[in-house]
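# Notes for the structure review
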Amino acid sequence: MDESNKKGIIRGSGISYSKDSSPLLLHLENNYKTVVDKINEERKEIYEKEKISFTAIDKKNCKALYEFPVSDDNEELNSIKNKASAECVDAKLIKILSQKYPFAKSHLTKKVFLMQKDLEISFYDLWNTVILAKNSKTGFKISQEDFNLTQQGKDKLRLKIKTLDGSTIVFIFQPNDKNIIVTNIETKEQVGNWEETLEPVLKKFAEWPAPENWDWEYLNLKGVK
């Protein structure tokens, strides 16, 4: 018999301990469980405090919703917060655009398509960068006159965009009962495979600003109170 076994030593997986040390191991195990239980209880208390604080926020205050601090591992409240923040911002965007472009009000929430391809954004999302963003260092903000929507005939919309170099591009939109489709573009430059070229451009317009570049002042002045 191995001498180590005669002495009651158990070896396995690189760990060695004596049978006589079982009370110590049991103590360590119980102590570890106590520490874990305490951590979980403290985390539960933090979650509950965060939930109570979040409940008290004015749900029309988009800035407060967006910036509300939530523990990274509080997944449930993070999900609730992100949804409430997005709904608040969307409501204000739609309000602003409905007032500026009443002829397009019924189309703002429609999904944007490139012919048969769903871009997975709504029409109002195209103004995310224009309305929500302002450069925090320079104060630069895209003018809505440089990103302007007009009605073309009875059933089409023209979004005219003026770039920083002074050139312009016009997107032609054709709404239907459920969606709004980009059917053409007007530009001096020759654009090959324009649908594939414009997809990342349109999605870029729809991005939310970086945290430091939100124009909360404009959004609060012009949006839903």
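Heads up: the structure comes first, above all this text.
A few points on the structure. From a predicted model like this one, the values you see are computed outputs, not experimental measurements. (Residues numbered from 1 in each chain as written. Predicted model: local features only at pLDDT ≥ 70, side-chain atom pairs only at ≥ 80, totals over all residues. Heavy atoms only, no water.)

Here we take up the overall build of the chain. Across its full length, the chain carries seven helices and eight strands. Residues classed as buried in the chain amount to 33% of the 225 residues present. For the chain, contacts bridging at least 24 residues in sequence account for 50% of all contacts bridging at least 6. Of the roughly 14,700 Å² of accessible surface on the chain, a fraction of 52% belongs to carbon and sulfur atoms. (Helix = DSSP H or I, 4+ residues; strand = E, 2+ residues; numbered from the N terminus. Buried < 20%, exposed > 50% of the residue type's maximum accessible area, 1.4 Å probe, protein only. Contact = heavy atoms within 4.5 Å. Areas by Shrake-Rupley, 256 points an atom, 1.4 Å probe, with all protein chains shown as cover.)

Among the structural elements, Asp-215 can be located in the loop between helix 6 (194-205) and helix 7 (216-222). In terms of polar contacts, Asp-215 uses its side chain to reach the backbone amide nitrogen of Tyr-218, at 3.2 Å. The contact partners of Asp-215, leaving out residues within four places of it in the chain, are Ile-131, Leu-132, Ala-133, Lys-134 and Lys-141. (Polar contact = N/O pair within 3.5 Å; in protein donor to acceptor, adjacent residues only side chain to side chain.)

Side-chain positions along a regular strand alternate between the two faces of the sheet. As paired elements, strand 3 (residues 111-114) and strand 8 (residues 179-186) share four bridges and run parallel to each other. Bridge pairing in strand 8 places Phe-113 opposite Ile-181. Where strand 7 (residues 168-175) lies against strand 8, six bridges are found, and the strand directions are antiparallel. What sits directly across from Val-170, in strand 8, is Glu-186. (Pairing = 2+ DSSP bridges.)

To continue, consider the sheet that holds strand 3. An order of 4-3-8-7-6-5 is seen for the six strands of this open sheet, with the pairing classed as mixed. Looking at which strands have only one partner, the edges of the open sheet turn out to be strand 4 (117-122) and strand 5 (147-152). Here the average twist between neighbouring strands, direction ignored, is 30 degrees. Strands strand 3, strand 4, strand 5, strand 6 (156-162), strand 7 and strand 8 of the sheet are contacted by helix 6, whose axis makes an angle of about 115 degrees with strand 8. (Axes fitted to C-alpha atoms, helices over the stretch in contact; angles between N-to-C directions.)

As a further point, take unusual backbone geometry. Residues other than glycine predominantly adopt negative phi, and peptide bonds predominantly adopt the trans conformation. We note that Glu-120 has phi near 60 degrees; this positive angle belongs to a residue other than glycine. With respect to the helices and strands, Glu-120 occurs in strand 4. A relative accessible area of 65% means that Glu-120 is categorised as exposed.

Moving on to the environment of Val-130. Following the sequence through the fold, Val-130 ends up in helix 5 (residues 128-132). With 17 residues separating them in the primary sequence, Val-130 and Phe-147 have C-alpha atoms 7.6 Å apart. Apart from residues no more than four positions distant in its own chain, Val-130 is found in contact with Lys-141, Ile-142, Gln-144 and Phe-147.

Taken as a whole, this structure holds eight salt bridges when the rule is applied. Its salt-bridge partner being Glu-145, residue Lys-100 comes within 3.8 Å of it at the nearest N-O pair. With Lys-100 in helix 4 (residues 75-100) and Glu-145 in the loop between helix 5 and strand 5, the pair connects residues that are 45 residues apart, well separated along the chain. We classify Lys-100 as partly exposed; its relative accessible area is 33%. A salt bridge links Lys-204 to Glu-207; the shortest N-O distance between them is 3.3 Å. Exposure remark for Lys-204: the relative accessible area of 51% places this residue in the exposed category. Residue classification places Glu-207 among the partly exposed positions, given a relative accessible area of 39%. (Salt bridge = Lys/Arg side-chain N within 4 Å of Asp/Glu carboxyl O.)

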